[in-house]
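As a plain string of letters, each chain reads:
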Amino acid sequence: GAAAFAWPAALFLWGPGAWTDLHRHHCVQLVMALTGTIRFRQRQRQRWTTCGAVLVRPDAWHEVDARGTDVMIAFVDAESDLGAALAARTESHVAPIPVGTVAEWRAQLGKPTSLTAARVEPWVTHTLLRERRPPSIDHRVKRVLRALPGKLAEAEAVSLDAVATSVRLSPSRFLHLFTTSVGVPLRPYVLWLRLQCGARELARGASVADAAHTAGFSDAAHFTRTFRRMIGATPSQVLRRGF
């Protein structure tokens, strides 16, 4: 079955691979076969490129055939530290990851059947973000990070003004502190939290409408529209495909 791991302004999913039609989205995407290979191309009728993993920069058209293998897929906000670290790996819009790198990553993640969030987190921290020193997080930002997941259903409670007031800072001072601590501004951070929450609810068997409500979207259509814009597929498509 599929499993997921949340990271600030990112979503990691792993499970059985599938074929995704030609599409694009405004995030950095990494698709890695945990064993074997996948194929990708950038336009219809183009020859396929076979590789162990492919990196897709924001807004780049791509089609991926990952049938017959387990895959790890990362959707990462382009403005985040992790998005910048991934995008810096290639000049191309869509590029295969070198064979040696794929082998190193697979060794760190271990067998697909025993892959858990506990294996994914050190891989993200120590390998994907190797060149970037983790920022020190201000104690007031830590308080906000702990509180935000429980407030997603209330739009007002996660607004910049409300959050800044909760830690007795001006909105501008808090926003600067939050962005330097977390690596992405408050608004996209909250949006990714909502996507992660909605995906988690759907994986537990909730309807799209219930998942949208729990995650703080105004309705199912808003949730589906946002998910498609950022991930490149609807929530039900992602879950139906198994990743």
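Quick note: structure is the one above.
This text gives an overview of the structure that appears in the document. These numbers come from a predicted model, not from an experiment.

Scanning the chain from N- to C-terminus turns up ten helices and ten strands. Relative to the globule expectation of 18 Å for 243 residues, the C-alpha radius of gyration of the chain, 18 Å, shows essentially globular dimensions. Overall size of the chain, expressed as C-alpha extent along the three principal axes, is 55 × 40 × 35 Å. When the accessible surface of the chain is split by element, carbon and sulfur atoms take 51% of a total near 12200 Å². Taking the 31 positively charged and 19 negatively charged side chains of the chain as two groups, their mean positions are separated by 3 Å.

For strand S2 (residues 10–16), the tally of buried residues reaches six of seven residues, placing the bulk of the element in the interior. In terms of strand pairing, S2 meets strand S9 (residues 70–77) through seven bridges, oriented antiparallel. Note that in S9 the partner of Phe12 across the bridge is Ala74.

Our next topic: the packing of helix H4 (residues 139–147) against helix H6 (residues 171–182). A pair of packed helices is captured by two measures, namely the crossing angle of their axes and the spacing between those axes. Viewed as axis vectors pointing N to C, H4 and H6 meet at an angle of 80°, and their least axial separation amounts to 10 Å. By the angle class used here, H4 and H6 are roughly perpendicular. Listed contacts from H6 to Arg140, Val141, Val144 and Leu145 of H4 are Phe174, Leu177, Phe178, Ser181 and Val182. Split into classes, the residues belonging to the contact of H4 with H6 amount to seven nonpolar, one polar and one charged.

Along the chain, Gln29 turns up in strand S4 (residues 27–33). Since its relative accessible area comes to 5%, Gln29 is described here as buried. Residues Gln29 and Ala66 lie 37 residues apart in sequence; the distance between their C-alpha atoms is 14 Å. Among residues more than four places away in sequence, those in contact with Gln29 are His23, Val54, Leu55, Val56, His62, Ile73, Ala74 and Phe75.

Now for H6. Between its first and last C-alpha, H6 extends 16 Å over twelve residues, near the 16 Å set by a 1.5 Å rise per residue. Along H6, the residues classified as buried are Phe174, Leu177, Phe178, Ser181 and Val182. One side of H6 carries all its buried residues, which in axial view fall inside an arc of 105°. Those residues of H6 that are buried are in contact with H4, helix H5 (160–166) and helix H7 (186–203). The positive-phi residue at the C-terminal boundary of H6 is Gly183, with phi of around 95°.

Locating Ala88 in the fold gives a position in the loop between helix H1 (81–87) and strand S10 (94–96). Put simply, Ala88 and Arg57 are 31 residues apart on the chain and 9.5 Å apart in space, counted from C-alpha to C-alpha.

Parameters and conventions
Residues numbered from 1 in each chain as written. Predicted model: local features only at pLDDT ≥ 70, side-chain atom pairs only at ≥ 80, totals over all residues. Heavy atoms only, no water. Helix = DSSP H or I, 4+ residues; strand = E, 2+ residues; numbered from the N terminus. Rg over C-alpha atoms; globule rule 2.2 N^0.38 Å. Areas by Shrake-Rupley, 256 points an atom, 1.4 Å probe, with all protein chains shown as cover. Lys, Arg positive; Asp, Glu negative; His and termini not counted. Charge placed at Lys NZ, Arg CZ, Asp CG, Glu CD. Buried < 20%, exposed > 50% of the residue type's maximum accessible area, 1.4 Å probe, protein only. Pairing = 2+ DSSP bridges. Axes fitted to C-alpha atoms, helices over the stretch in contact; angles between N-to-C directions. Parallel < 35°, antiparallel > 145°, perpendicular 65-115°, else oblique. Contact = heavy atoms within 4.5 Å. Nonpolar A, V, L, I, M, F, W, Y, C, P; charged D, E, K, R; others polar. Expected span 1.5 Å × (residues − 1). Arc of directions from axis to C-beta.

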